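Read off the chains here:
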Amino acid sequence: MPLTIWLIFFAIYSALLVLDLGVLHRESQVISVSRALLATLMWIVFALLFAVLVYFLYQYQWPGIDTSTAGLDAFIQFITGYVLEWSLSVDNIFVIAVILSYLQIPLQYQYRVLFWGIVGALIMRGILIVAGAALIHSFAWMFYVFGLILLWSAISMLRNNEGQFDPQHSRIMRAIRRVVPVSDELSDDRFFTMQNSRMVATPLLVALLFVDVADVVFAVDSIPAVFSVTQDTFLVLSSNAFAILGLRALYFAVAGLLALFKYLKITLVVILGLIGIKMLLHAQVKIPDGLSLAVIGVILTTGVLASLWADRNNKES
């Protein structure tokens, strides 16, 4: 992919980040579910607009793109990767909610933590995606490794209980305390503060590091899943980037509605399992990108509708 395309992407993405924190959320405040849903819709629109740009870039080979991927195929691959990342990030939201709740981060400061978490997540995911693309292009058998990772992740998600996560006794917390003293109290929305003439980290910084680590852990699931759709590094990174751009708004929207989605976890397990099987059988069975996107959409819709139906029956009984 030409450097010009990457510069265009990073320019657009940086402008959206500035718009987000510098204009829309300049002051720390509590975000209501309705406002979070509106913001979520806004980020979806931005992602769709970028997908249209992807179509024209690939369809007309501009500027200097040399690829056999048609514009419509690139558009579908971007959307599929975007939907995959969003659906798999929902499980990440459960863990983030536990972290922020355990560390007692007030709601008005949580958006700031999640915003700066994007910057770290984008850098680390970029490294993982470039490394993953290099491995797949160099070693065809890495498809089978990624497929097994997804199946293992599905089984682990089915067996584990995210509510048992305890940040205070984790290795991450012990590692942080070895590097820098950690204050027990917040200092407004600052990540560092002065205590007894020395600089110490606030719980806000601890929360930020936990969120970034959690994102890397979940990227082990989602990035191989997107590689099952396309091995184009630009499409994988850009679809991931736009998905996590809307993750903060999605967090506040879903966190207020988690009780409604009873079957969400099993839905994600099914998606991971099917994608893992698809990667293991990629040499024998070629599944069109449009069909993959449709299947993911049907599974997600079924899970949400089943959850809402179960919640309605519980209220009536």
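Reading guide: rules and limits
Residues numbered from 1 in each chain as written. Predicted model: local features only at pLDDT ≥ 70, side-chain atom pairs only at ≥ 80, totals over all residues. Heavy atoms only, no water. Core = buried A, V, L, I, M, F, W, Y, C linked by side-chain atoms within 4.5 Å. Buried < 20%, exposed > 50% of the residue type's maximum accessible area, 1.4 Å probe, protein only. Helix = DSSP H or I, 4+ residues; strand = E, 2+ residues; numbered from the N terminus. Contact = heavy atoms within 4.5 Å. Expected span 1.5 Å × (residues − 1). Polar contact = N/O pair within 3.5 Å; in protein donor to acceptor, adjacent residues only side chain to side chain. Pairing = 2+ DSSP bridges. Phe/Tyr/Trp six-rings, centres within 6.5 Å; stacked < 30°, edge-to-face > 60°. Axes fitted to C-alpha atoms, helices over the stretch in contact; angles between N-to-C directions. Parallel < 35°, antiparallel > 145°, perpendicular 65-115°, else oblique. Left-handed = near helix turned anticlockwise from the far one by under 90°.

A separate point is the nonpolar core. With 41 residues, the main nonpolar core has Phe9, Tyr13, Val54, Phe78, Phe234, Phe242 and Leu245 as its most contacted residues. For this core, the elements supplying multiple residues, two or more each, are helix H1 (3–24), helix H2 (33–59), helix H3 (71–102), helix H4 (107–138), helix H7 (203–227), helix H8 (233–245) and helix H9 (247–255). Here the element with the most residues in this core is H8; it accounts for nine residues. If sequence neighbours within four positions are ignored, valine 54 has contacts with Ala74, Phe75, Phe78, Phe234 and Leu235. Within the second largest apolar cluster, 24 residues are counted, among which are Ala36, Phe191, Leu204 and Phe210.

The next subject is H8. Between its first and last C-alpha atoms H8 spans 18 Å; for 13 residues at 1.5 Å apiece the expected length is 18 Å, and the two agree. For H8, the buried fraction is high: 12 of the 13 residues fall into the buried class. The backbone nitrogen of phenylalanine 234 has a side-chain oxygen 2.9 Å away, supplied by the residue at the start of H8, namely aspartate 232.

Turning to the pairing of strand E2 (residues 198–201), a few remarks are in order. Here strand E1 (residues 192–195) runs beside E2; their pairing, made up of four bridges, is antiparallel. Bridge assignment links threonine 193 to a residue of E2, and that residue is valine 200. Counting the residues that bridge the hairpin from E1 to E2 gives two residues, and of these asparagine 196 lies at a positive phi of roughly 55°.

Turning to the packing of aromatic side chains, a few remarks are in order. Taken as a whole and judged by the stated rule, the model has 17 aromatic pairs. Seen in terms of ring centroids, phenylalanine 9 and tyrosine 13 are 5.7 Å apart; in terms of plane orientation they differ by 35°. Their pairing is tilted. Remark: tyrosine 13 and phenylalanine 9 occur in helix H1; sequence separation between them is four residues, near one turn of the helix. Through a chain of ring-to-ring contacts, three or more aromatic side chains come together here, namely Trp6, Phe9, Phe10, Tyr13, Phe50, Phe78, Tyr82, Phe234 and Phe242.

Along the polypeptide, threonine 230 turns up in the loop between H7 and H8. There is a polar contact of 3.0 Å between the side chain of threonine 230 and the backbone nitrogen of aspartate 232.

Orientation of H2 relative to H8, taken along the N-to-C sense of each, is 165°, at an axis distance of 9 Å. In terms of orientation, H2 lies roughly antiparallel with respect to H8. Once H2 is placed against H8, the crossing between them reads as right-handed. Mapping the contact onto sequence places Trp43, Phe46, Ala47, Phe50, Val54 and Tyr58 in H2 and Phe234, Leu235, Ser238, Phe242 and Leu245 in H8.

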